[in-house]
Amino acid sequence: MDFAFAPEDERFRAEARDWLAEHFTGPFAALKQEPGGHPGEARGDMTARRAWERELGTGGWIGLGWDRTDGAYGNRAATLTQQVVWAEEYARAGAPGRLGHIGENLLAPTLLAHGDSAQRARFLPPIARAEELWCQGYSEPDAGSDLAGLRTRAVRDPGEGTYRITGQKIWTSLAHEADWCFVLARTEEGSQRHHGLSFLLVPMDQPGRIEVRPIRQLTGTAEFNEVFFDGAVARAEHLVGGAGHGWRVAMSLLAVERGVSTLVQQIGFAQELSRVVRLALETGAAEEPVLRDRLIRQWAELKAMRWNALRTLGAAQKPNPNPNPARDPAPNDARDPASRKGAAHDLPPGSADPQDSGPRDPGPRDQGAPSVAKLLWGGWHQRLGELAVQVRGAAAALGPARWTAGRPYELDAFQRLFLFSRADTIYGGSDEIQRTIIAERVLHLPKESRR
């Protein structure tokens with residue numbers, strides 16, 4: 001397999017690199033991404049980060065590769081490979097984690113696949129211009145990995161034609177900054193599991209009806225939140241995919257969430273590994289044979305992840321023999337939100353999509369690829385965090401600055417890497433969930449007993 005980029009991709013790379021060199025300067029340079037943590041982590045000046053998002057939107061760098069069947073939305077046209085090229089250059093420039101990631105990379109492909117023309121026209125241009133930020137209302141206190149067990153309800157008001165949403169979501173990234181939230185809620189009374197769910201677009205500016213409570217993490221930051229809905233209003237025209245078809249829409253979105261994004265993620269991983277290796281050389285820790293072997297293994301595994309991601313990228317660009325994920329065989333449980341693509345019985349027999357001529361397939365062809373990628377990078381990054389503190393020895397227990405009442409919790413980049421990476425094998429679908437998906441959907445092993 002040829003892993004090289006084509007000449008037109010390299011020309012696109014030069015354009016992206018030149019734009020970043022010209023625009024990621026001045027006040028924006030202070031936002032340079034540090035190693036460790038999470039792209040959405042609540043570090044840095046949020047006003048400046050919003051301004052940087054708008055700078056990207058003005059340059060047309062948001063929404064690369066969006067389906068243009070119904071027209072452009074203020075962004076550039078780009079192939080899948082060029083999207084990877086842009087993201088690689090963005091990571092190499094050290095540009096900040098994207099506040100608009102959820103709207104751009106999760107909601108937009110979902111609206112292109114399942115939304116109607118009015119929804120696309122209303123929501124895609126503001127995402128492309130970075131005028132509206134989004135958060136994702138999926139997980140609940142008793143329905144994290146078991147997404148189909150959610151209890152949040154949305155009741156249709158026959159008079160007003162709106163939905164009233166009541167319930168609680170948790171681990172909602174950047175909800176404290178978001179203007180909108182896409183919410184998976186139960187709209188059919190008495191329904192169970194993945195039946196009777198709907199996908200609603202909800203404005204966050206509803207005082208007294210929506211409350212956001214930050215969740216403080218080990219790193220001292222709080223980009224995750226609890227969100228409480230108490231009669232929050234969603235308009236009927238902001239229901240995506242039709243009433244009761246939310247499971248199909250939600251699973252389509254989660255298939256997009258992983259895809260080949262790990263190829264881009266690995267640029268940041270390589271930068272973090274280089275810093276750890278340099279530190280090991282400076283401290284002399286690299287002279288210890290066992291630790292040196294672990295560093296070499298980290299390098300080799302990162303290379304293997306890159307080749308695997310490139311293979312996935314190549315497969316994703318081939319024609320899909322089964323382009324309609326809504327008709328896939330129904331899963332018998334929902335504990336694997338990472339890749340369940342929907343159930344055949346979400347639609348009446350022989351019916352078409354209620355919004356369009358049919359949903360477009362935004363997900364990867366290989367059903368197991370997202371789960372394999374998640375397993376590989378989650379454990380790899382966690383082990384890197386452990387190495388980051390191990391090469392420092394006892395000094396890893398000391399903070400970068402003296403404790404003060406005003407700044408009681410200071411961490412350096414390696415300490416943040418170690419602490420935040422503890423969650424890498426949990427969020428986005430735990431390792432146990434990914435192994436179950438691979439066993440049942442790829443290897444076709446007997447299904448796990450579920451009650």
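Residues numbered from 1 in each chain as written. Predicted model: local features only at pLDDT ≥ 70, side-chain atom pairs only at ≥ 80, totals over all residues. Heavy atoms only, no water.

**Student:** Help me understand the overall build of the protein, please; the structure alone is not making it clear to me.
**Tutor:** For the protein, the count of helices and strands is 11 helices and eight strands. Counting every position in the protein, which comprises 451 residues, the buried fraction comes to 53%. For the protein, the proportion of contacts with a sequence separation of at least 24, taken over those separated by at least 6, is 74%. When the accessible surface of the protein is totalled, it reaches about 20,200 Å², and 55% of it is carbon and sulfur. (Helix = DSSP H or I, 4+ residues; strand = E, 2+ residues; numbered from the N terminus. Buried < 20%, exposed > 50% of the residue type's maximum accessible area, 1.4 Å probe, protein only. Contact = heavy atoms within 4.5 Å. Areas by Shrake-Rupley, 256 points an atom, 1.4 Å probe, with all protein chains shown as cover.)

**Student:** Sorry if this is basic, but what is going on with helix α4 (residues 101-114) here?
**Tutor:** Because each turn of an α-helix spans 3.6 residues, side chains separated by three or four positions in sequence point in the same direction. Taking 1.5 Å per residue as the helical rise, α4 with its 14 residues ought to reach 20 Å, and the 19 Å between its terminal C-alpha atoms agrees with that figure. Largest kink in α4: about 35°, centred on Leu-107, with the proline Pro-109 one to four residues after it. With 12 of 14 residues buried, α4 lies mostly within the body of the structure. Along α4, the residues classified as buried are Ile-102, Gly-103, Glu-104, Leu-106, Leu-107, Ala-108, Pro-109, Thr-110, Leu-111, Leu-112, Ala-113 and His-114. (Expected span 1.5 Å × (residues − 1). Bend = angle between axes of the 7 residues up to and from the residue.)

**Student:** Looking at this model, I keep getting lost on the nonpolar core. Mind explaining?
**Tutor:** Among soluble globular proteins, nonpolar side chains are generally buried collectively. Among the nonpolar cores identified, the biggest contains 30 residues, and Trp-66, Leu-107, Trp-134, Tyr-138, Phe-182, Phe-199 and Leu-201 are the most heavily contacted of them. Elements represented by at least two residues in this core include exactly α4, α5 (117-128), β4 (180-186), β5 (197-203) and α6 (246-258). With six residues, the top contributor of residues to this core is α4. (Core = buried A, V, L, I, M, F, W, Y, C linked by side-chain atoms within 4.5 Å.)

**Student:** Is there a simple way to explain the packing of helix α1 (residues 7-23) against helix α2 (residues 46-58) in this structure?
**Tutor:** To characterise two packed helices, one gives the angle between the axes of the helices and the distance between these axes. Their axes nearest at 12 Å, the elements α1 and α2 cross at an angle of 140°. Between α1 and α2, the angle falls in the class oblique. α1 and α2 meet at a crossing whose hand is right-handed. Packed against α1, whose contacting residues are Trp-19, Leu-20 and His-23, the element α2 presents Trp-52, Glu-55 and Leu-56 at the interface. Of the residues assigned to the contact of α1 with α2, the class counts are four nonpolar, one polar and one charged. (Axes fitted to C-alpha atoms, helices over the stretch in contact; angles between N-to-C directions. Parallel < 35°, antiparallel > 145°, perpendicular 65-115°, else oblique. Left-handed = near helix turned anticlockwise from the far one by under 90°. Nonpolar A, V, L, I, M, F, W, Y, C, P; charged D, E, K, R; others polar.)

**Student:** Whenever I open this one, the layout of surface pockets confuses me. Can you help?
**Tutor:** Here the idea is plain: a probe the size of a water molecule rolls over the atoms and shows the empty space left. Volume-wise, the second largest pocket comes out at about 260 Å³. As for the second largest pocket, its lining consists of 14 residues, of which Gln-266, Ala-270, Trp-299, Leu-302 and Lys-303 are closest to the centre. At the level of secondary structure, the elements contributing two or more residues to the lining of the second largest pocket comprise α7 (261-283) and α8 (289-316). Broken down by element, the residue count for the lining of the second largest pocket peaks at seven residues, all from α7. (1 Å grid on protein atoms, 1.4 Å probe; cavity = no way out; pocket = protein on both sides within 12 Å on 5 of 7 lines; lining within 4 Å. Points joined across faces, edges and corners; volume = space filled by probe spheres on them.)

**Student:** In this structure, what is going on with helix α10 (residues 413-420)? I would like to understand it.
**Tutor:** Across the eight residues of α10, seven count as buried, placing the element largely inside the fold. Turning to α10, its buried residues number three or more, namely Ala-413, Phe-414, Gln-415, Arg-416, Leu-417, Leu-419 and Phe-420. By the N-cap criterion, in which a side-chain oxygen at the helix start approaches the backbone nitrogen of a residue two or three places on, α10 is capped by Asp-412, the distance to Phe-414 being 3.1 Å. (Polar contact = N/O pair within 3.5 Å; in protein donor to acceptor, adjacent residues only side chain to side chain.)

**Student:** Where do I start with the packing of aromatic side chains in this structure?
**Tutor:** To describe a pair of aromatic rings, you give the distance between the ring centres and the angle between the ring planes. On inspection of all chains with the given rule, the structure shows 20 aromatic pairs. Between the aromatic rings of Trp-19 and Trp-86, the centroid separation amounts to 6.3 Å while the plane-to-plane angle is 70°, which identifies the pairing as edge-to-face. Of this pair, Trp-19 sits in helix α1 while Trp-86 sits in helix α3 (residues 80-92), placing them 67 residues apart in sequence. Taken as a pair, Trp-19 and Trp-86 share a single burial class, namely buried. For the pair Phe-269 and Trp-380, a centre-to-centre distance of 5.2 Å together with 25° between the ring planes defines the contact as stacked. Here the residue Phe-269 occupies a position in helix α7, and Trp-380 occupies one in helix α9 (residues 369-390), the gap between them amounting to 111 residues. Phe-269 gets classed as buried once you look at its relative accessible area, which sits at 5%. (Phe/Tyr/Trp six-rings, centres within 6.5 Å; stacked < 30°, edge-to-face > 60°.)

**Student:** What is the right way to read the confidence of the model for the protein from this model?
**Tutor:** This prediction gives the protein a mean pLDDT of 79; 81% of its residues lie at or above 70. Mean pLDDT per element in the protein: α6 is the minimum at 72, and α1 is the maximum at 94. (pLDDT = per-residue confidence, 0-100.)

**Student:** Looking at this structure, I do not really get unusual backbone geometry. What am I missing?
**Tutor:** The phi angle of most residues is negative, glycine excepted, and most peptide bonds adopt the trans form. One non-glycine residue, Trp-171, adopts positive backbone phi at about 60°. Take Trp-171: it is sitting in the loop between β3 (162-169) and β4. Phi angles above zero are rare outside glycine, and Leu-174 is one such case at about 60°.

**Student:** Is there a simple way to explain the packing of α4 against α5 in this structure?
**Tutor:** At a minimum axis separation of 10 Å, α4 and α5 run at an interaxial angle of 160°. It follows from the interaxial angle that α4 and α5 lie roughly antiparallel. Between α4 and α5 lies a crossing whose hand is left-handed. Mapping the contact onto sequence places Gly-103, Glu-104, Leu-107, Ala-108, Leu-111 and Leu-112 in α4 and Gln-119, Arg-120, Phe-123, Leu-124 and Ile-127 in α5. When its residues are assigned to classes, the contact of α4 with α5 shows seven nonpolar, two polar and two charged.

**Student:** I keep staring at the side chain of Glu-140 and nothing clicks. Help me out?
**Tutor:** Secondary-structure assignment places Glu-140 in the loop between β1 (134-137) and β2 (153-157). Only 2.7 Å separates the side chain of Glu-140 from the side chain of Thr-152, close enough to count as a polar contact. Of note is the side chain of Glu-140, whose polar atom sits 2.9 Å from the side chain of Lys-169. The residues contacting Glu-140, other than those within four sequence positions of it, are Leu-150, Arg-151, Thr-152, Gln-168, Lys-169 and Ile-170.

**Student:** Just to check I follow, could you spell out the pattern of salt bridges for this structure?
**Tutor:** It is possible for side chains of opposite charge to pair when their charged atoms get near one another. Summed over all chains, the structure comprises 21 salt bridges. Among the salt bridges present, the one from Arg-122 reaches Glu-132, with a minimum N-O distance of 2.9 Å. Taken together, the positions of Arg-122 in helix α5 and Glu-132 in the loop between α5 and β1 put the pair 10 residues apart, joining distant regions of the chain. Note on Glu-132: relative accessible area 16%, which makes it buried. In this structure, the salt-bridge partner of Arg-129 is Glu-131, at a minimum N-O distance of 2.8 Å. Among the residues examined, Glu-131 registers a relative accessible area of 44% and is labelled partly exposed. (Salt bridge = Lys/Arg side-chain N within 4 Å of Asp/Glu carboxyl O.)

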